[in-house]
Structures are given as structure tokens and as C-alpha cells.
Amino acid sequence: SARKIKDNAADWHNLMMKWERLNDSGFTVANKIVNVKISEQFEDNKLEIACDNSATGSEKSAPKYNEELDNFCAELVETLKHMTKIQLKMEKLTLTTKAICDLETFHHGAGNCTAPFFHTWPTPYFYEVSLKLSEMYKKELQLKQTIVQEIAHSADQDLLMVYLSSWLYQPYIENSSKLLLEAMLLETGHRQC
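Predicted model only: the values in this text are computed from it and were never measured.

Asks: Just checking my understanding: could you explain the packing of aromatic side chains for this structure?
Replies: For any pair of aromatic rings, the description consists of the separation of the ring centres together with the inter-plane angle of the planes. Evaluated as defined, the whole model comprises three aromatic pairs. Geometrically, the ring pair formed by W121 and Y125 is edge-to-face, given 4.6 Å between the ring centres and 85° between the ring planes. When its relative accessible area of 12% is taken as the criterion, W121 is described as buried. In this structure an aromatic cluster arises from ring pairing among W121, Y125 and F126. Between the NZ or CZ atom of K98 and the centre of the ring of Y127, over which it lies, the distance is 5.5 Å. Here the basic side chain of K144 rests over the ring of W167, its NZ or CZ set 4.4 Å away from the ring centre.

Asks: Before we go on, may I ask you to explain unusual backbone geometry in this structure?
Replies: Glycine aside, a negative phi is what most residues show, and trans is what most peptide bonds show. Within the chain, Q170 stands out as a residue other than glycine whose phi angle is a positive 45°. Mapped onto the fold, Q170 is located in the loop between helix 4 (157-169) and helix 5 (176-188).

About the criteria used
- Residues numbered from 1 in each chain as written.
- Predicted model: local features only at pLDDT ≥ 70, side-chain atom pairs only at ≥ 80, totals over all residues.
- Heavy atoms only, no water.
- Phe/Tyr/Trp six-rings, centres within 6.5 Å; stacked < 30°, edge-to-face > 60°.
- Buried < 20%, exposed > 50% of the residue type's maximum accessible area, 1.4 Å probe, protein only.
- Lys NZ or Arg CZ within 6 Å of the ring centre and 35° of its normal.
- Helix = DSSP H or I, 4+ residues; strand = E, 2+ residues; numbered from the N terminus.

So, in C-alpha cells, the structure goes:
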């Protein structure tokens, strides 16, 4: 059990680092999408002004297909797929930790207090931390799914900026997540005081 908890702590670290790299690359792609959308709007506005100045009164043309925008959107979808896999692995780590807690309770009974496997944390605390981290990333993934669905369809520049900043700053991942991870790594011996 102790070995599995120690491995889980290392896995949490690796998954959170991968998530951060994907978040950075996803932000870069989302920024490109927003730039394409803004430049399209700028071009459309120039065309409208030109059409207003001419006396033809012709109908508005249908929006043209933008291959570059489509490629960026596909790239962002791929990034989201990788983030989804990471979040699912985080949930599995949480379930594994819960199973270790249940096994420990079964072996020692609900009333008996056992010595902690590591420095000070009892096994259920590893589960609590794991669950808290998992929930943060689950909520953040749901936000990112919404952003991916909406970012290329919005014409409002302010909303596009909200999407970008939400992607970058990850509002559902609390500042305490890094502290919780570091505490878990310290507790399991992966970090030294």
C-alpha cells in the first residue's frame, strides 16, 4: 500500500506537469484562433465600408471558409483530447487511493487507528487530497470543453478575450493545488525538507 501511494504521488506530479504543458500549448493555439477571428472581422469591416461607399446595394456575401482557422480548431481539439486523458488518469489515481483506504479499513477495522505509512499523513488524507485535486481538474476540463466549442464561433471580441484569459489562468484550479502536490511529495519522500 505504501509503495502504491508513493507511486500515485509521483504520478500526480507527472500528470500535473503534462497538464501545464498542454495548457500552455492550448493557449498558444487559442490565441491564434482569436487573432484569425479578429483579423477576419477587420477585413469584413473594411469590405462593409467599401460596399457602403459604392452605390451597387449588393447583398452581403456568405462567410468564406477559412482553412487556417479550421486547422487551428482541429489542433485545439487534439489538445483537449490529451487533457481529457490526463484528467481521466487523475480520476483513476483517486479511485486507487480510495481502494487503498478501503483495504486498510478492512484489514484494521474501522475503530483501530494504524500508524501512518509515511511521516504524518494517515492514508485517508492522501485520498482527500487526491479527490480535491481531481475535482479541480474535472471542473477545469469542463470549462475548456466549453471554450473549445465556442471560441471559433464568437464574433464578440470581449468574449474572445474572456475565453483566452480563462484558458490561460485556469480559474477552477486553485492556487492550493501546487501546495497540496508539494505536501504530498514531501510526505512520501519524493521531496526533502
